[in-house]
Amino acid sequence: MSVGRARVHATSHSSLRNLVATRLSRPVPEPIAALAETARSRHGEGVLAVLAYGSCLRGIDPRETLADLYVLTETTRDVSRNPLSRLGCRLLPPNVYYLETALGTERFRAKYAAMPLGLFEAWVAPSTDNPYFWARFAQPCALVWVRDQAVRDRITDAVVQAVSTMVGEARLLAAVSTDNPVVSWQDAFRETYRTELRPEPGDRGTAIIAADEEWYRMASLLAPATAPMRQMPADTARRWARRRARGKLLAGLRLAKAAFTFQGGADYLAWKIERHSKVKVDLTEWQRRHPLLAALSLMPRLYRRGGFR
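Cut-offs used in this document
- Residues numbered from 1 in each chain as written.
- Predicted model: local features only at pLDDT ≥ 70, side-chain atom pairs only at ≥ 80, totals over all residues.
- Heavy atoms only, no water.
- Salt bridge = Lys/Arg side-chain N within 4 Å of Asp/Glu carboxyl O.
- Helix = DSSP H or I, 4+ residues; strand = E, 2+ residues; numbered from the N terminus.
- Buried < 20%, exposed > 50% of the residue type's maximum accessible area, 1.4 Å probe, protein only.
- Core = buried A, V, L, I, M, F, W, Y, C linked by side-chain atoms within 4.5 Å.
- Contact = heavy atoms within 4.5 Å.
- Pairing = 2+ DSSP bridges.
- Expected span 1.5 Å × (residues − 1).
- Axes fitted to C-alpha atoms, helices over the stretch in contact; angles between N-to-C directions.
- Parallel < 35°, antiparallel > 145°, perpendicular 65-115°, else oblique.
- Nonpolar A, V, L, I, M, F, W, Y, C, P; charged D, E, K, R; others polar.

Draft legend 1. Focus on the pattern of salt bridges. Within this structure, the stated rule accounts for 22 salt bridges. For R63, the salt bridge is made with E106, and the minimal N-O distance between the two is 3.1 Å. One end of the pair, R63, is in the loop between β1 (47-53) and β2 (67-73); the other, E106, is in strand β4 (residues 106-116), and 43 residues separate them in sequence. Given a relative accessible area of 31%, E106 falls into the partly exposed group. A salt bridge links D68 to K111, with the nearest nitrogen and oxygen atoms 2.1 Å apart. Taken together, the positions of D68 in strand β2 and K111 in strand β4 put the pair 43 residues apart, joining distant regions of the chain. What you see here is one network of salt bridges that share partners, running through D129, E169, R239, R242 and R243.

Draft legend 2. Structural context of unusual backbone geometry. Between P93 and P94 the backbone carries a cis peptide bond, its omega angle lying at 0°. Take P94: it is sitting in the loop between α3 (83-91) and β3 (95-103).

Draft legend 3. Structural context of the nonpolar core. One finds L51, L69, Y70, F120, I155, V163 and W185 to be the most contacted residues of the largest nonpolar core, which totals 69 residues. Top contributing element to this core by residue count: helix α6 (residues 149-173), with 11 residues. What W185 contacts, discounting residues up to four positions off in sequence, is A138, M166, V167, A170, I209, Y216, A219 and S220.

Draft legend 4. Focus on the pairing of β2. Across the 7 residues of β2, 7 count as buried, placing the element largely inside the fold. Every second residue of β2 is oriented toward a common face, with A67, L69, V71 and T73 on one face and D68, Y70 and L72 on the other, all of them buried. With 6 bridges joining them, β1 and β2 adopt antiparallel strand pairing. Bridge pairing links V50 to V71 in β2. Summarising the sheet, β2 and β4 pair through 7 bridges and their orientation is parallel. Across the sheet, residue V71 finds its bridge partner in β4, namely A114.

Draft legend 5. Highlighting helix α7 (residues 181-193). A rise of 1.5 Å per residue sets the reference length of α7, with its 13 residues, at 18 Å; its end C-alpha atoms lie 18 Å apart and thus fit the reference within 8%. In terms of burial, α7 is a largely internal element, 10 of the 13 residues being buried. All of the buried residues in α7 are P181, V182, S184, W185, D187, A188, F189, E191, T192 and Y193.

Draft legend 6. Seen up close, the packing of α6 against α7. Where α6 contacts α7, the two axes come as close as 8 Å, and the packing angle between them is 100°. Between α6 and α7, the angle falls in the class roughly perpendicular. Where α6 approaches α7, its residues M166, V167, A170 and L173 are matched on the opposing element by S184, W185, D187, A188, F189, E191 and T192. Considering only residue class, the contact of α6 with α7 consists of 7 nonpolar, 2 polar and 2 charged.

Draft legend 7. Representation of the environment of R58 within the structure. By the element assignment, R58 lies in the loop between β1 and β2. Sequence spacing of R58 and I208 is 150 residues, and the spatial spacing of their C-alpha atoms is 8.1 Å. Apart from the residues within four sequence positions on either side, R58 is in contact with Q139, R204, I208 and A211.

Draft legend 8. Summary view of the packing of α6 against helix α9 (residues 213-222). Two elements in contact, α6 and α9, have axes separated by 10 Å at closest approach and are oriented at 85°. On the basis of the axis angle, α6 is roughly perpendicular to α9. The segment α6 lies against α9, with V163, V167 and R171 engaging W215, A219 and S220. Taken together, the residues that form the contact of α6 with α9 break down as 4 nonpolar, 1 polar and 1 charged.

Draft legend 9. Structural context of helix α2 (residues 30-43). An ideal rise of 1.5 Å per residue puts 20 Å on 14 residues; α2 measures up with 21 Å between its terminal C-alpha atoms. Residues of α2 that are buried make contact with β1, β2, β3, β4 and β5 (141-146). One or two residues past the end of α2 sits G44, with phi positive at roughly 75°.

Draft legend 10. How the structure looks around the environment of T206. Residue placement: T206 occurs in helix α8 (residues 204-210). Classification of T206 by relative accessible area gives partly exposed; the value is 37%. A C-alpha to C-alpha distance of 8.5 Å links T206 and W185, two positions 21 residues apart in sequence.

Next up, the structure:
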């Protein structure tokens, strides 16, 4: 890389980092802060930070949705006391949990993921082929609680990496060079959703972008040119086909793992499927007690009915 290009790259990275740091520092609604504190207290002194992301930061009333949180810890021991659960977190992070907390006379709910910060940093890197993490944290997120400045710096760098990776993938997906970054983001979200077992429609990314279009424009403008604007369409298609196959397998394994840690998980999944696809799921008490076995029997039928794609 020439000296001139290196300077441009460094300037772009610094500007993107400032954008991310500013967004991470934004205050969150009081119910989200209360849920984050409840999640933090569950895992003790080993918690390094709590992040919020997703619909709870897009203006949706916290009473009408489950907040999405990430609890980042020092080690897997801070995630769980159960050795099998810790092993599951190391092999296939994150572990997912459910919580409720009271604020005044109302109750608020969240699903939160827990994993060590070191694993989080590794999974948002471009060397990680699966987009599960870098697609989520390329979206606006908030650092609700953090232990100290050193941890804040690490998380800021990790989110910058997630944004850079996602922008690079969006550029590769662009069929032609375009001055409209929103189109590239839409392509990238569409493909990343296809790597998971999700009930949302294929145009879900459009609504996410519309909620904060300026963020996506600025992220595209400031992200270093880590990927070319074009490559052979066949190469891109093969890479995403491979990601879809692997991603759906990982999604199924994560779903099975969550069945053992996510209290109320069966009802949450039924609610989420109906909310996004309008396919109603009526659960029996047996299915609530045995969510993994229930998932194995319900998934084929829900897929045929359009419950997820």
